[in-house]
Amino acid sequence: MKLYFKYVSILFRSQMEYRTSFILLSIGQFFVPFLVFVSMYFLFQRFNTIGGWSLYEVALCYGIIHMGFSISECFVRGFDSFSSLVVNGDFDRILVRPRSTILQVLGSKFEFTRIGRLSQAVIVFVYALSNLNIDWNFNKILTLIFMLASGIFIFSGIYMIGATLCFWTIEGLEVINIFTDGGREISQYPLSIYNKWIKRFFTFVIPFGTVNYLPLMFVLDKVEGNSLIYMFTPLLGMLFIIPCILLWGFGVRHYKSTGS
Amino acid sequence: MRAYYSLFKMRLLKGLQYKTAALAGVSTQFFWGFMYIMIYQAFYRSTSSPQPISLRQLIQVLWLQQSFLVFIMLWFRDRELIDHITSGSISYELCRPTDIYSFWYAKILAQRLSGAMLRCLPILLIAFLLPYPYNFSFPPSISSFVLFFIALTLGLVLIVAISMLIYISMFYTMSPTGSLLMFSVLGEFLSGLLIPVPLMPDFLRKIVYVFPFRYASDLPFRIYVGNIGFKEAIISIGVQILWISILIIGGKLWMNKALKRIIVQGG
């Protein structure tokens, strides 16, 4: 753990050397998704609701998923850009060191410019909360925290799968973006508005449904019956990371170096 | 002219080599297409009041957007050109007995065409075979197809002229980040990729009509589905030509000015 923070601080300082570029990129990271939200706002002005959900409810959903996405993109970037490590043969160096590969790959890169995206997500999140009438209790706050954590875990898991595939393909696969960027875009809205097969896929295969839709129903008092199950669904979603880690271990064992 | 043509052809063939990348692109765009359709479907279901564009028309527009994405995206950047400017190898380019603006223009144009050729046909073909509410269909009349074709071609000419401005601005900033950022953030929004132009609120639509961006994507696609009538289409194509001439002449002048002040260091 200490090693990890060492990695963080070194990379943070190195990125700070290029301050203008850092600021510009952060601003970009702020505005690109922010305009997506603005578009969403205009659509709601015209249509009022989407499948029974109001703007603020969807905004809450949006805020949480974008927070999860930006945090995982910032800290798990090493897996996202893993193909470069394999192509250069740099992964060999990681293998000979007496530390876990996951920790070292995590430490190989951080994208601090995601602070821009994170801050817009927080703004939307606060905007949603201040406009929604929720009677708060401890369980609901806990659920929100679970949702955020679950989002971070799932996105990280997808990055790991993408990185694991690089062991076989060498080149990075663009297709994995369907699940990261696509997953983010899809789960900006509550899953209930989509077709059945999309809903099932993103609940049972890649469990984004456990980040936003199911627990959100609990937070917004939309469930009848036993609500505690809904509260703990995000924890089930977090289990997604386990097969990803196993898969990664399997990939590492099958790794053949590309040469020096 | 022949030099530009052969450069164009070379680039086109080079772009066609990347088949796997294109396949990945096709599947990604399919996913996005489906997702947008479902979102708008859910929105349309939530209202009973008539909208300025019908859901069926919107679905066609969405498929066209996905398949011609390479035509209409502003951020389609060329590493090679950026390197020319930042590393100073532009001096080689300047030695060539060709006009550098046209030379680069042909390069970017070919790149976009090859990208689109690999993607648009498969996407449109599969989208055509999809079950009813999702499928892509023929335009309502032949005239709208002809107008669509003209507007799309001019739109491509226009968008390449805009992206030339991004490269020229790099002579001053030396880094593509700033200008690419500004163009891609605002451009995407103003060309109706984030929210379809007809669904925008009135004040915003007025702003969008002032800028050239929508003439590259929104205009041809809405002509195709018949959301823009014959008369308006003809006028808009006139506006397109006007924008093209302004941007190309302006871009050439700006480039000449930028080239006068460049200093290439080292040898």
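Residues numbered from 1 in each chain as written. Chains lettered and ligands numbered in written order. Predicted model: local features only at pLDDT ≥ 70, side-chain atom pairs only at ≥ 80, totals over all residues.

Colleague: Can you tell me about the overall build of chain B, naming the residues and giving the values?
Modeller: Counting its regular elements, chain B contains 12 helices and 0 strands. For chain B, the α and β elements follow one another from N to C terminus as α-α-α-α-α-α-α-α-α-α-α-α. Taken over the C-alpha trace, chain B has a radius of gyration of 20 Å; the compact-globule value for 267 residues is 18 Å, and the two agree within 12%. In terms of overall dimensions, chain B has a C-alpha envelope of 65 × 40 × 35 Å along the principal axes. Counting across all 267 residues of chain B, residues that qualify as buried make up 42%. Of the contacts made within chain B by residues no fewer than 6 positions apart, 81% connect residues no fewer than 24 positions apart. (Helix = DSSP H or I, 4+ residues; strand = E, 2+ residues; numbered from the N terminus. Rg over C-alpha atoms; globule rule 2.2 N^0.38 Å. Buried ≥ 20, exposed ≤ 12 C-beta atoms within 10 Å, placed from the backbone. Contact = placed C-beta atoms within 7 Å.)

Colleague: Requested: an account of the packing of helix α2 (residues 19–47) of chain A against helix α8 (residues 115–131) of chain A, with residues and values cited.
Modeller: Residue and element names in this part refer to chain A. Two elements in contact, α2 and α8, have axes whose closest approach is 6 Å; the angle formed by their N-to-C orientations is 35 degrees. The interaxial crossing formed by α2 with α8 has right-handed handedness. Every residue of α8 that contacts α2 at S26, I27, G28, Q29, F30, P33, F34 and F37 is listed here: I115, G116, R117, S119, Q120 and V124. Tallied by class, the residues present in the contact of α2 with α8 amount to 7 nonpolar, 6 polar and 1 charged. (Axes fitted to C-alpha atoms, helices over the stretch in contact; angles between N-to-C directions. Left-handed = near helix turned anticlockwise from the far one by under 90°. Nonpolar A, V, L, I, M, F, W, Y, C, P; charged D, E, K, R; others polar.)

Colleague: Outline the interface of chain B and chain A, supporting the account with residue identities and numerical values.
Modeller: The partner chain A presents 31 residues to the 25 residues of chain B that form the contact. Going through the elements one at a time, α2 (19–45) and α9 (176–190) of chain B are the ones with two or more residues in the side of chain B that touches chain A. Among the elements that line the side of chain B that touches chain A, the one with the most residues is α2(B), at 12 residues. Its residues assigned to classes, the side of chain B that touches chain A comprises 17 nonpolar, 8 polar and no charged.

Colleague: Account for the environment of A:G52, with residues named and values stated.
Modeller: By secondary structure assignment, the location of A:G52 is in the loop between α2 and α3 (55–75). Once the C-alpha coordinates of A:G52 and A:S70 are considered, the two residues, 18 residues apart in sequence, prove to be 28 Å apart.

Colleague: So what's going on with the environment of B:F148? Residues and values would help.
Modeller: Residues and elements named next belong to chain B. Note that F148 resides in helix α8 (residues 142–173). F148 sits in the buried class, given 23 other C-beta atoms within 10 Å. As a C-alpha pair, F148 and I37 span 111 residues in sequence and 22 Å in three-dimensional space. Filtering out sequence-adjacent residues up to four positions away, F148 remains in contact with P139, P220, I223 and Y224.

Colleague: Pulling in residues and values, what's your account of the nonpolar core?
Modeller: Counting residues in hydrophobic clusters, the biggest one holds 138 residues, and the most contacted among them are A:V58 and B:L158. The contacts of A:V58, once residues within four sequence positions are left out, are A:M40, A:I50, A:W53, A:Y189 and A:P190. (Core = buried A, V, L, I, M, F, W, Y, C linked by C-beta atoms within 7 Å.)

Colleague: Tell me about helix α3 (residues 55–67) of chain B, and please be specific about residues and values.
Modeller: Residues and elements named next belong to chain B. Counted at 1.5 Å a residue, the expected span for α3 with its 13 residues is 18 Å, and the 18 Å between its end C-alpha atoms agrees. In terms of burial, α3 is a largely internal element, 11 of the 13 residues being buried. When α3 is considered as a whole, its buried residues turn out to be Q57, L58, I59, Q60, V61, L62, W63, L64, Q65, Q66 and S67. (Expected span 1.5 Å × (residues − 1).)

Colleague: If you had to explain the confidence of the model for chain B to someone new, which residues and values would you point to?
Modeller: Residue and element names in this part refer to chain B. Here chain B averages 83 in pLDDT, and 92% of its residues register 70 or above. Averaged over each element, pLDDT in chain B is lowest for helix α5 (residues 79–87) (73) and highest for helix α12 (residues 230–260) (91). The ipTM assigned to the predicted complex is 0.83, against a pTM of 0.83. (pLDDT = per-residue confidence, 0-100.)

Colleague: Help me get a handle on the packing of α3(A) against helix α9 (residues 138–169) of chain A, residues and values and all.
Modeller: Helix-helix packing is characterised by the crossing angle of the two axes and by the distance between the axes. Residue and element names in this part refer to chain A. Contact pair α3 / α9: the axes reach a minimum separation of 8 Å and the direction vectors enclose 45 degrees. It follows from the interaxial angle that α3 and α9 lie oblique. Pair α3 / α9 crosses with right-handed handedness. For the pair α3 and α9, contact is made by I64, I65, M67, G68, F69, I71 and S72 and by M147, L148, G151, I152, F155, S156 and Y159, respectively. Taken together, the residues of the contact of α3 with α9 sort by class into 10 nonpolar, 4 polar and no charged. (Parallel < 35°, antiparallel > 145°, perpendicular 65-115°, else oblique.)

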